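# Secondary and tertiary structure notes
Here are the chains, one letter per residue:
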Protein chains: 2
Amino acid sequence: MMSWLRDAGFLAALEPEWRRELEGLKPVHVPARTTLFRPGDAAQSFVILLSGRIGVYLTGRNGRELLLYAVSPGETCVQTTLGVLGGAPYTGEAIAETDLVAVMVPPTVFERLMAGSSSFRQFVFRAFAARLGDLMFVLEQVAFVKVEQRLAHVLLDRADASGEVSATHQDLAVAIGTAREVVSRRLEAIASKGWIANERGSIRILDRAALTKMAAQP
Amino acid sequence: MMSWLRDAGFLAALEPEWRRELEGLKPVHVPARTTLFRPGDAAQSFVILLSGRIGVYLTGRNGRELLLYAVSPGETCVQTTLGVLGGAPYTGEAIAETDLVAVMVPPTVFERLMAGSSSFRQFVFRAFAARLGDLMFVLEQVAFVKVEQRLAHVLLDRADASGEVSATHQDLAVAIGTAREVVSRRLEAIASKGWIANERGSIRILDRAALTKMAAQP
DNA sequence: CCGGATCCGGTGACTTAGTCACCGAGCGGC
DNA sequence: GCCGCTCGGTGACTAAGTCACCGGATCCGG
């Protein structure tokens, strides 16, 4: 049987003596829509995602939600790690958006790897830096950028090759941190300029260039 | 001559053989109001603050600023670390708010300590976790909490024993991520209820209990 | 001690965003 | 076909942010 680590490209530089340590761990499967962590949970392991996608959300007291970042294969859910190693409780809510395959690295193994492998340390720090960057981006958007620009940005970001964005207004509202009604009204305004077309459950982009300009402008 | 490390309580658990490594580093002095890092800077070392205070700010394209967190003695400026170790550019702006004394740990020494000392690793991870927590708090406040509540919160947070808050409206606006005019108007509204008194450059809290309730309510 | 530059705060008018309450159309399952 | 749910639309209102401008307080150099 092939090792998952051999298939995954992201730890290719790992020293051979440490490869074995990781290869011994068996990947776990998780069905879509599972809630992986809730605020206040104490995390138990360092998670490396092999396939699927995890969404990490922040929920306000008013019930509104905000997408913090998505975890893709080869990445790790940093907040859980900090929970284990820094003693902090989990502040976001992680939801499996597809079926998942992931490796759970227990604290003892993690500690050995951090002590022994400089390339593992680099992997971990890069992951931290990337997540912190994601968070800073979201913060900047929410604090300083207008809804219309954030909306244009997320539409471009989520569009497939044909310009189709399959997301409900509610999904988009969570992605940019606003209310559903606001998204509905803005989308209508943009549609009236002929740059997009609204359908039930999806949006079709008609003028990518116009949206790009809209996302960039002050 | 005493070692700075002996005076500082925060790395007391560090193994003796690694203490020497850190004690050899000479603390540097930095005058107040120095800009330590700007967005895009590549950080060169792991910074441990011995005395003074550093403010880390995010600046939007519209010129508005937002206080991300403050670094106190015994803490580290995490973003610079991630810059060194994760290869990410610096996203915030760090300003010395008082005269500073700090130890700059060069990457080579940092790498040795991370490899060899489990208590140093713990120190670093706790620092990361704390900062990530700060960031999540700010994000939640900005995304979901009303200005009036954020304002009450920051006033209580910054008041001295006698209830005096020495900060301009602009300072408060940056602390809660809004515009100066908005702070002025809200403060006036709160003052008209008799809970605070506005003076030039400072606010006196008259009714702590009322503010506390205001900060908590949905 | 004076004059100007700068900092601090106040204000009106307006735009943008968020909230609340409610409705109706589309869609899926039985 | 009917029920119940998701999805989106709307009006009315409040909260927040923006812009332009003003006047008083302070500070500093001469």
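Residues numbered from 1 in each chain as written. Chains lettered and ligands numbered in written order. Predicted model: local features only at pLDDT ≥ 70, side-chain atom pairs only at ≥ 80, totals over all residues. Heavy atoms only, no water.

## Details of the environment of valine 142 of chain A
Mapping valine 142 of chain A onto the fold places it in helix H5 (residues 118-144). Taking the C-alpha atoms as reference points, valine 142 of chain A and leucine 66 of chain A, 76 residues apart in sequence, are found 9.7 Å from one another. Other than its neighbours up to four places away in sequence, valine 142 of chain A contacts Leu66, Arg150 and Ile176 of chain A together with Val142 and Ala143 of chain B. (Helix = DSSP H or I, 4+ residues; strand = E, 2+ residues; numbered from the N terminus. Contact = heavy atoms within 4.5 Å.)

## Section: the protein's contact with DNA strand C
Neighbouring DNA strand C are 20 residues, the closest being Arg64, Val147, Thr178 and Arg185 of chain A together with His169 of chain B. In DNA strand C, the atoms that sit within 4 Å of the protein are 51% sugar and phosphate, with bases accounting for the remainder. Residue arginine 185 of chain A places a side-chain N or O atom 2.7 Å away from a base oxygen belonging to DNA strand C. A distance of 3.1 Å separates a phosphate oxygen of DNA strand C from a polar side-chain atom of arginine 186 of chain A. Sort the elements by how many residues they give to the surface near DNA strand C and helix H8 (residues 180-192) of chain B lands first, with 5 residues. Partitioned by chemical class, the residues of the surface near DNA strand C number 2 nonpolar, 6 polar and 12 charged. (Near = heavy atom within 4 Å. Polar contact = N/O pair within 3.5 Å; in protein donor to acceptor, adjacent residues only side chain to side chain. Nonpolar A, V, L, I, M, F, W, Y, C, P; charged D, E, K, R; others polar.)

## Describing the sheet that holds strand E5 (residues 65-71) of chain B
Residues and elements named next belong to chain B. Taken in spatial order, the 4 strands line up as E2-E6-E4-E5 in an open sheet, and their pairing is antiparallel. A single partner strand is all that each edge strand has here, and the edge strands are strand E2 (35-37) and E5. Shown here is a sheet whose adjacent strand axes are inclined to one another by a mean of 30 degrees, direction ignored. Where E2 and strand E6 (residues 93-96) come together, 2 bridges link them in antiparallel fashion. For threonine 35, the partnering residue across the bridge sits in E6 and is isoleucine 95. (Pairing = 2+ DSSP bridges. Axes fitted to C-alpha atoms, helices over the stretch in contact; angles between N-to-C directions.)

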